[in-house]
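Examination of the molecular architecture
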Amino acid sequence: MAVNGGAHQDYNRLDEVKQFDDSKIGVKGLVDSGLTSLPRMFIHPKGALSDLKSVARTESKVIPTIDLSGVDSDRRPAIVEQVSNACRKLGFFQIMNHGLPLDVMNRTIAAVKGFHELPTEVKKQWDTIQVKLGPVPAEAEEIPEMCRNEIVEWIQQASQLAEILMELLCEGLGLNVGRLKEMTCLESKVLLGHYYPHCPQPDLTFGIPSHTDPGVLTLLLQDHIGGLQVKHGVEWVEVKPIPGALVVNIGDIFQILSNDEYKSVDHRVLANPSPGPRVSVAIFFTAGNRDRLYGPIPELVSPEKPALYRQFMLDDYMTRFFTKDLADKTLTDYYRT
């Protein structure tokens, strides 16, 4: 359940949020306490909820699932074309036969689920699973012990896959396969382990409201529950879970680097109406050199298509994101020329 940012004169939302944060029980603790209706801080305005039912009926045909088997064979050009088309039109796709073992994926989901279902007193040291993986990786002790081995293994496997994806994405833009790696686009990464318990009033809130990802690329492992939706035109499209598949999406920085060839699109997670929890594990990859300038890659700029964004320092970019110094603008809007 996502905290609502709205305010009312007769209601001190900040006090309620602070009290909730200080309790360290999380949304899971609220549900365990026997919650039957949402606290006011979680209820979103009707306007924000107005398109909850606006879901495309052809979702399976909209978000493509790309088979990566034979990625180093003569199938590679066809795979590159499929990946490139998905990124240019939708910003999202799923991948199968990616080389990551199904048992590793299942163990990772089970470990994250197990952590969130620990007693509050045991897990409040961490509160949630957020692991900074680079440029300076987290110490092992910063990862909860009960899911440490699984997360470390997942990080290693997913990072290797991300390098393959970055190469395919470069080829889809006509760039040298190592261009994004040269720009440190694999060096900074953060892992988040999300747990969405059953919501008693899912029509009044979101799991996560509509947003775009600020970085370069996101790799998502999700369980079978579902709830992730992507904005496509005026409709929301469900990204249906497929056993063994991973979800990939383009972030704002990549849209800027590609000079709008690839799209970073709005997506959201619905509140969970299912009796059981929804669990997902996301790794957010972004550039690691905070002291260099970033902007449209020169090879993608021409007199016919001039640079659509001004250059920026990564430090400034991330500061603006984390301090929300953008009002209602997205980062791509802010840096657009």
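How each quantity is defined
- Residues numbered from 1 in each chain as written.
- Predicted model: local features only at pLDDT ≥ 70, side-chain atom pairs only at ≥ 80, totals over all residues.
- Heavy atoms only, no water.
- UniProt positions renumbered as here; feature names shortened; annotations may be inferred.
- Pairing = 2+ DSSP bridges.
- Helix = DSSP H or I, 4+ residues; strand = E, 2+ residues; numbered from the N terminus.
- Axes fitted to C-alpha atoms, helices over the stretch in contact; angles between N-to-C directions.
- Phe/Tyr/Trp six-rings, centres within 6.5 Å; stacked < 30°, edge-to-face > 60°.
- Lys NZ or Arg CZ within 6 Å of the ring centre and 35° of its normal.
- Core = buried A, V, L, I, M, F, W, Y, C linked by side-chain atoms within 4.5 Å.
- Buried < 20%, exposed > 50% of the residue type's maximum accessible area, 1.4 Å probe, protein only.
- Contact = heavy atoms within 4.5 Å.
- Salt bridge = Lys/Arg side-chain N within 4 Å of Asp/Glu carboxyl O.
- Parallel < 35°, antiparallel > 145°, perpendicular 65-115°, else oblique.
- Left-handed = near helix turned anticlockwise from the far one by under 90°.
- Nonpolar A, V, L, I, M, F, W, Y, C, P; charged D, E, K, R; others polar.

Under an unreviewed UniProt entry, the name given to the protein chain is Fe2OG dioxygenase domain-containing protein, and the source organism is Hevea brasiliensis. Recorded in UniProt for the protein chain, the comment headed Sequence similarities (unreviewed entry) runs: "Belongs to the iron/ascorbate-dependent oxidoreductase family."

Strand order in this open sheet of 7 strands is β1-β2-β9-β6-β11-β4-β3, and the pairing throughout is mixed. Sheet topology places β1 (65–67) and β3 (129–134) at the edges, where each strand pairs with a single neighbour. If you compare each strand with its neighbour and ignore which way they point, the axes differ by 25 degrees on average. Bridge count for strand β6 (residues 217–222) against strand β9 (residues 246–250) is 4 bridges, and the pairing is antiparallel.

The subject of this paragraph is the UniProt feature "domain: Fe2OG dioxygenase" (unreviewed entry) in the protein chain. As annotated in UniProt, the feature "domain: Fe2OG dioxygenase" (unreviewed entry) corresponds to residues 187–287 in the numbering used here. Across residues 187–287, helical content stands at 6% and strand content at 48%; the span's end C-alpha atoms are separated by 6 Å.

Moving on, we get to the sheet that holds strand β7 (residues 228–232). The strand order across the open sheet built from 4 strands is β5-β10-β7-β8, with neighbouring strands paired in antiparallel fashion. Here the strands that pair on one side only, and so sit at the sheet edges, are β5 (206–211) and β8 (235–238). Each adjacent strand pair in this sheet contributes to an overall mean axis angle of 30 degrees, direction not counted. Across 3 bridges, the pairing between β7 and strand β10 (residues 267–270) is antiparallel. In the strand pairing of β10, L228 is matched with V269.

With that settled, consider the packing of aromatic side chains. Evaluation of the coordinates by the stated rule reveals 7 aromatic pairs. Pairing F312 with Y317 gives two aromatic rings, centres 4.9 Å apart and planes at 20 degrees, and the pair type is stacked. Note on F312 and Y335: the rings are 4.7 Å apart at their centroids and 40 degrees apart in plane angle, and the pair reads as tilted. Pair noted here: F312 is in strand β13 (residues 312–313) and Y335 is in helix α12 (residues 331–335), with a separation of 23 residues, a long-range link. Chaining the aromatic ring pairs together yields one cluster made of Y294, F312, Y317, Y334 and Y335. Just above the ring of W236 sits the side chain of R268; from NZ or CZ to the centre is 4.0 Å. One cation-aromatic arrangement involves R292 over Y294; the distance from NZ or CZ to the ring centre is 4.9 Å.

Attention now moves to the nonpolar core. Counting 68 residues, the largest nonpolar core has W154 and L191 as the members making the most contacts within it. Per element, the largest residue contribution to this core is 12 residues, and it comes from helix α8 (residues 145–172). L191 has contacts with I129, Q130, V131, L133, I151, W154, I155, V281, A282 and I283, leaving out every residue within four places of it along the chain. In terms of nonpolar packing, the next biggest core, distinct from the first, is built from 14 residues, I63, L90, L220 and V230 among them.

We now examine the pattern of salt bridges. Taken as a whole, this structure holds 13 salt bridges when the rule is applied. Between D72 and R76 there is a salt bridge; the shortest N-O distance is 3.3 Å. By relative accessible area, which is 72% here, D72 ends up exposed. Since its relative accessible area comes to 15%, R76 is described here as buried. One salt bridge in this structure joins R290 and D315, with 2.9 Å as the shortest N-O distance. Here the residue R290 occupies a position in the loop between β11 (278–286) and β12 (293–294), and D315 occupies one in helix α11 (residues 314–322), the gap between them amounting to 25 residues.

Right, let's get into the packing of helix α6 (residues 102–116) against α8. Here α6 crosses α8 at 140 degrees, and the two axes come no closer than 9 Å. Taken together, the axes of α6 and α8 lie oblique to each other. As for how α6 packs across α8, the hand of that crossing is left-handed. Contacts between α6 and α8 pair V104, M105, R107, T108, A111, G114 and F115 from the former with M146, C147, E150, E153, W154 and Q157 from the latter. Here the residues of the contact of α6 with α8 are counted per class, giving 7 nonpolar, 3 polar and 3 charged.

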